[in-house]
Amino acid sequence: MKRETMLARARHRTEPWDIVVIGGGATGMGVAVDAAARGFSVVLLEAHDFGKATSSRSTKLVHGGVRYLEQGNIPLVMSALKERGLMRQNAPHLVHDLAFVVPNYSWWEAPFYGIGLKLYDMLAGKYGFGASKLLSKEETLERLPALEPEELRGGVVYYDGQFDDARLLIHLAMTAADHGAVLANYCPVTSLLRDPDGYVNGVTALDRESGEELALTARIVINATGVFTDSIRQMAEPAVEPLMVTSQGIHLVFERSFLKGDTALMVPKTSDGRVLFVIPWHGHAVAGTTDTPVDLPTLEPRPYQEEIEFILDTAARFFVRPPTRADVLAVYVGLRPLVKGDGKTSALSRDHIIHIDTSGLLTITGGKWTTYRHMAEDCVNHAITLGKLPDIDCPTKNLRIHGYLEDAASLGSLEVYGSDAEKIRALAANSPSLAVQLHPALPNIAAEVVWAAREEMARTVEDVLARHTRALFLNANAAIAMADPVAKLLAAELGRDQAWIAAQVREFTDLAQQYRVGP
Ligand SMILES: Cc1cc2nc3c(=O)[nH]c(=O)nc-3n(C[C@H](O)[C@H](O)[C@H](O)COP(=O)(O)OP(=O)(O)OC[C@H]3O[C@@H](n4cnc5c(N)ncnc54)[C@H](O)[C@@H]3O)c2cc1C
């Protein structure tokens, strides 16, 4: 993917596009993949880097949602479990099975969670990931050696999926591009265009790098802007009733030694009735999440101190060695796009919705990462009807995602690149300076930066360290130390000068302070 080529294609097209998608998170990118794979002409516009908002800040689970079982939402769980299976089938280099243990400290927990998780297995049907089973105390400690043994009675093991959210997003972008979609990052939509009857028939967007304004007409405009959904709807109708409520969730990242082993911990009910996970991820342990209502969506939400304390306190109850603030390598915060309702945010609908405003603007929002494909199918089906597009069946159930590779584990730290890993290795082999590891705490090498700039449309140090690699999310101090070499590598690729390098390092270092908790 080359940004210049993408923008040139957007600029030079004279006929209307079939579909313009606003928003380059999981939802919008899923729609772009679906639409392009059906053969429609599609352009996607993202205000920042692809995945900058919620879609890079999830718990990294590909799951049916054990919690929604308890709420009795069986259809949601079943459909998400099916999507979980399809995601693993279509992106095996990125989606893995992961064993989760629910530890039992009371007599009633084993039968209660044991039965619930059997139902979870059953609902997955042929898309199952492995049978859940009751564990003795010894078996539980074998899987989770860091667990507090006092009063532990046993546990239940069950299986779900895990992935790298930002990496899947980049590979979805590449899949859409492979099928002919035009994707532009750093191009916020600034207004909606209308036909003589007042229906939305296009957008204007600003290329933030050149300052150029683009005007793109389309048969249908799809709003997939997550927590920013209402701001786009208000461009069409300023007085429109808001659809969205926002809730924030934080995650703390620790050294892997806090968890030990390859099994995740699942606490089904914390002191305030939420679910907490501690999961192994990229050689670290990630603990989360919280659910705190937020008034206004922002791009870089900040953690509340109470949220940090809550996760530390809850984790301390389960681990022999309680983690402290000083152990936190990074904290990251994401905003959930929830569809409006009454009551607490955790009780709001997790289903997606398709909404059509009287202006003809088609909005898709809600849902979760795991269901992005199904959401996209539903959305493009609506777009076909509304935009009078040819009826073409959705091909994504069996569509391989860019990078598709079975047994990618042998690629080590380059596993997430799947079939692209060999090209990154070739870069490093051809130029020894690109084989250099950028920081001793993280496995990333210089060739990944060059690859991100040349092939994945990375434009800034933050793009590379937050999403194209996950350095900022894994270890904020290490990421800060990597900023200077990354800026220099990017500058060489993108033709930038010393002043740009200095500004990039400064901006990234400022931003990364927000991801630090410990000293
Ligand atoms: C804490 C947390 C944990 C989660 N964990 C999981 C999990 O483990 N598993 C799971 O399946 N789901 C999980 N989810 C849910 C999942 O992450 C979200 O449902 C999904 O990422 C939402 O994607 P989206 O594309 O709708 O929104 P976003 O990713 O926010 O994308 C919207 C995009 O629109 C862009 N945009 C806004 N305005 C404009 C404009 N004017 N022009 C162009 N672009 C614009 C934004 O920059 C943004 O990139 C979690 C969510 C949170 C918050």
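Quick look at the structure, then.

1. Re a nonpolar patch on the surface
On the surface, Trp107, Trp108 and Phe112 cluster together to form a nonpolar patch covering roughly 400 Å² of accessible area. Tracing the backbone shows tryptophan 107 in the loop between strand S4 (96-104) and helix H5 (109-124).

2. Points about helix H4 (residues 74-90)
The terminal C-alpha atoms of H4 lie 24 Å apart, and with 17 residues this matches the ideal 24 Å at 1.5 Å per residue to within 8%. All of the buried residues in H4 are Leu76, Val77, Ala80, Leu81, Glu83, Arg84, Gly85, Leu86, Met87 and Asn90.

3. So, the site of the ligand
In the vicinity of the ligand, 36 residues are found, and the nearest of them are Thr27, Glu46, Ser55, Leu61 and Thr370. Threonine 59 places a main-chain nitrogen or oxygen 3.0 Å from a nitrogen atom of the ligand. Between the ligand and lysine 60, the relevant distance is 3.5 Å, taken from an oxygen atom to a main-chain nitrogen or oxygen of the residue. With the chains in place, 95% of the 1,000 Å² that the ligand exposes on its own is no longer accessible. Elements that contribute at least two residues to the shell around the ligand include exactly helix H2 (26-37), strand S11 (244-255) and strand S16 (330-339). If you tally residues by element for the shell around the ligand, the top one is S16, at three residues. Here the shell around the ligand is built from residues that sort into 13 nonpolar, 18 polar and five charged.

4. Overview of the side chain of asparagine 185
Structurally, asparagine 185 can be placed in the loop between strand S7 (182-184) and strand S8 (189-194). The exposure class assigned to asparagine 185 is buried, which follows from its relative accessible area of 0%. Within the local environment of asparagine 185, its side chain forms a polar contact with the backbone oxygen of methionine 457, the two atoms lying 2.9 Å apart.

5. A short note on H2
Helical geometry note: an α-helix holds 3.6 residues per turn, so side chains three or four residues apart project in the same direction. In this model, H2 (12 residues) spans 16 Å end to end at C-alpha, consistent with the 16 Å of a helix rising 1.5 Å per residue. Most of H2 is tucked away, with 12 of its 12 residues classed as buried. The set of residues buried in H2 consists of Ala26, Thr27, Gly28, Met29, Gly30, Val31, Ala32, Val33, Asp34, Ala35, Ala36 and Ala37.

6. Examining the pairing of strand S10 (residues 213-223)
Sheet analysis places strand S1 (residues 17-22) next to S10, joined by five bridges and oriented parallel. Within S10, the residue paired with isoleucine 22 across the bridge is asparagine 223. Of the pairings in the sheet, the one linking strand S9 (residues 200-206) to S10 comprises five bridges and is antiparallel in character. By the bridge assignment for S10, alanine 205 is matched with leucine 214. Counting the residues in the hairpin turn of S9 and S10 gives six residues, including glycine 211, whose phi is positive at 85°. As paired elements, S10 and strand S18 (residues 362-366) share two bridges and run parallel to each other. Residue pairing across strands places asparagine 223 opposite threonine 363, the latter belonging to S18.

7. Things to note about the environment of methionine 375
Assignment of secondary structure puts methionine 375 in helix H10 (residues 372-386). Between the C-alpha atom of methionine 375 and that of aspartate 351, which follows or precedes it by 24 residues, the distance is 9.4 Å. Once residues within four sequence positions are removed from consideration, methionine 375 is found in contact with Thr27, His352, Ile364, Thr365, Gly366, Gly367 and Lys368.

Parameters at a glance
Residues numbered from 1 in each chain as written. Predicted model: local features only at pLDDT ≥ 70, side-chain atom pairs only at ≥ 80, totals over all residues. Heavy atoms only, no water. Patch = residues over 30% accessible without salt bridge, like charges linked within 9 Å, V, L, I, M, F, W, Y side chains within 5 Å. Areas by Shrake-Rupley, 256 points an atom, 1.4 Å probe, with all protein chains shown as cover. Salt bridge = Lys/Arg side-chain N within 4 Å of Asp/Glu carboxyl O. Helix = DSSP H or I, 4+ residues; strand = E, 2+ residues; numbered from the N terminus. Expected span 1.5 Å × (residues − 1). Buried < 20%, exposed > 50% of the residue type's maximum accessible area, 1.4 Å probe, protein only. Near = heavy atom within 4 Å. Polar contact = N/O pair within 3.5 Å; in protein donor to acceptor, adjacent residues only side chain to side chain. Nonpolar A, V, L, I, M, F, W, Y, C, P; charged D, E, K, R; others polar. Pairing = 2+ DSSP bridges. Contact = heavy atoms within 4.5 Å.

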